[in-house]
Amino acid sequence: MYRETELVSIGKRENNKKRNYLVINPLQGKHVPVCPGKAFELFDKLAEIVKKEYGGEELLVIGFAETATAIGANTAIRLGARYIQTTREEILQAEYIYFTEAHSHATEQKLLKADIDKAIGIVDRIIFIEDEVTTGNTILNIVRKMEEIYRRNLKFSVASILNGMTEDSMRSYEEKGIRCHYILKVDHGDYGRLAQQYTDTGNYEKCDLSGRYEAKEAGFTGWMDTRSMVDSLKYQKSCETLWKDMKAAYGFKKDESVLVIGTEEFMYPALFIAGCIEDEGCRVRCHSTTRSPIEVSADPSYPLRTRYELRSMYDSDRITYIYDIESCDRVFIITDAQGSEETGKNSLINALMKKNSEVHLIRWC
């Protein structure tokens, strides 16, 4: 089983008065570049815990954006369950179930109501997947919202890599009949102090937005959008098809180094492709862009050294970030951004080209 030192590094949030720290999991494939095999080994541990409990039930698995979308998708696939993620993106002409994540830099979360309507009455249980549950309030918000909308007895469970809930918070879950599963129990009591001791002595880079940068761009078909409810096994098949198409188009040589980048909520396909490339004998790292503004520090005990400020590939008015880019033989950006946000594309490619010379942009949308 995992130790806290393997799954917990403390980052310092920038200008967040609600909570000054961020728990950064170096094996999650979000902020810190990770070997994809190590990420999936961790995700599979959580899926095994859930499967032992609910192997005979019809399940809807809900992964939380941004950080738990890959964990959620992987869990659903291992269970053969229906899957949907929360989102902060807008889907035109859609009705949402809204709820809040109070401590976050972007508090609003939502689910497509039509898909939850379909699931209610078909599934036996809804399982929320998080990377880390701290107070449990976000999930309580959505449980209350669903109970208010559907006015029926619904079964809920929560599964997370880390659980930092207090005894009182755990008791409130028990009282509501919400079952809780996790890999590692942690205590947040000292995290704020640990974050405060770091100074922002790292490297901050604002990337060029206006220039046009030559990345080799390609589009592939078969995309499934997990912001809508999907059959997870069909979703896995679609990711496997993407891999076959990419392997045929690019080929991968044993021992070459490859960096794979996902974009914001779009984490699972990037990690999946990274894992397939790793299986070819390549040295692979994977992480993704994020909305999270985290301070960086030169302190050797701090998890992040360099922050690149970008514009989102989904919304040119939105600032996003990527941290600690590595130098590799080839880089593959894998995104479901539709292609209209040139400033976002330019800023990310510019950031990657500070350390790399061959960048490929894969649009799966």
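Residues numbered from 1 in each chain as written. Predicted model: local features only at pLDDT ≥ 70, side-chain atom pairs only at ≥ 80, totals over all residues. Heavy atoms only, no water.

Caption draft 1: Geometry of the overall build of the protein chain. Assigned secondary structure in the protein chain consists of 10 helices and 18 strands. Here the C-alpha coordinates of the protein chain stretch approximately 55 × 45 × 40 Å along the principal axes. Split into buried and exposed, the 365 residues of the protein chain put 59% on the buried side. Taking the intrachain contacts of the protein chain between residues at least 6 apart in sequence as the baseline, contacts between residues at least 24 apart amount to 73%. Accessible area for the protein chain stands at about 15300 Å²; split by element, carbon and sulfur atoms hold 45% of it. Charge centroids of the protein chain, computed over 50 positive and 57 negative side chains, lie 1 Å from each other. (Helix = DSSP H or I, 4+ residues; strand = E, 2+ residues; numbered from the N terminus. Buried < 20%, exposed > 50% of the residue type's maximum accessible area, 1.4 Å probe, protein only. Contact = heavy atoms within 4.5 Å. Areas by Shrake-Rupley, 256 points an atom, 1.4 Å probe, with all protein chains shown as cover. Lys, Arg positive; Asp, Glu negative; His and termini not counted. Charge placed at Lys NZ, Arg CZ, Asp CG, Glu CD.)

Caption draft 2: Geometry of the sheet that holds strand β11 (residues 216-220). Pairing is parallel in the open sheet, where 5 strands are placed in the order β11-β18-β17-β13-β14. Two strands lie at the open edges of the sheet, namely β11 and β14 (283-288), each paired on one side alone. Each adjacent strand pair in this sheet contributes to an overall mean axis angle of 20°, direction not counted. Where strand β13 (residues 257-262) and strand β17 (residues 330-335) come together, 4 bridges link them in parallel fashion. Of the residues in β17, the one forming a bridge with L259 is V331. (Pairing = 2+ DSSP bridges. Axes fitted to C-alpha atoms, helices over the stretch in contact; angles between N-to-C directions.)

Caption draft 3: Expanded view of the pairing of strand β6 (residues 108-112). With 4 of 5 residues buried, β6 is to be regarded as a mostly interior element. Relative to β6, strand β5 (residues 96-100) is paired through 5 bridges, and the arrangement is antiparallel. In the strand pairing of β6, Y98 is matched with K110.

Caption draft 4: Structural context of unusual backbone geometry. The omega torsion of the bond from A65 to E66 falls at -5°, within 30 degrees of zero and hence cis. Mapping E66 onto the fold places it in the loop between β3 (59-63) and α3 (69-79). At N15, a position not held by glycine, the phi torsion is positive, near 55°. Residue placement: N15 occurs in the loop between β1 (9-12) and β2 (21-24). You can call N15 exposed: its relative accessible area is 75%. A positive phi is found at D255, a non-glycine position, where the angle reads about 80°. Note that D255 resides in the loop between α8 (232-250) and β13. On the basis of relative accessible area, D255 is assigned to the partly exposed category, the value being 48%.

Caption draft 5: A look at the packing of helix α5 (residues 137-150) against helix α6 (residues 167-176). Between α5 and α6, the shortest axis-to-axis distance is 12 Å and the interhelical angle comes to 20°. Taken together, the axis directions place α5 and α6 in an arrangement best described as roughly parallel. For the pair α5 and α6, the crossing hand works out as left-handed. In this structure, α5 contributes I139, L140, V143 and E147 to the contact, and α6 contributes S172, Y173 and K176. Split by residue class, the contact of α5 with α6 holds 4 nonpolar, 1 polar and 2 charged. (Parallel < 35°, antiparallel > 145°, perpendicular 65-115°, else oblique. Left-handed = near helix turned anticlockwise from the far one by under 90°. Nonpolar A, V, L, I, M, F, W, Y, C, P; charged D, E, K, R; others polar.)

Caption draft 6: Looking closely at the environment of K354. Along the chain, the position of K354 falls in the loop between α10 (342-353) and β18 (359-364). Every residue in contact with K354, bar those within four places of it in the chain, is listed here: E205, C207 and Y308. Only 3.2 Å separates the side chain of K354 from the side chain of E205, close enough to count as a polar contact. (Polar contact = N/O pair within 3.5 Å; in protein donor to acceptor, adjacent residues only side chain to side chain.)

Just geometry here; none of it tells us what the structure is for.
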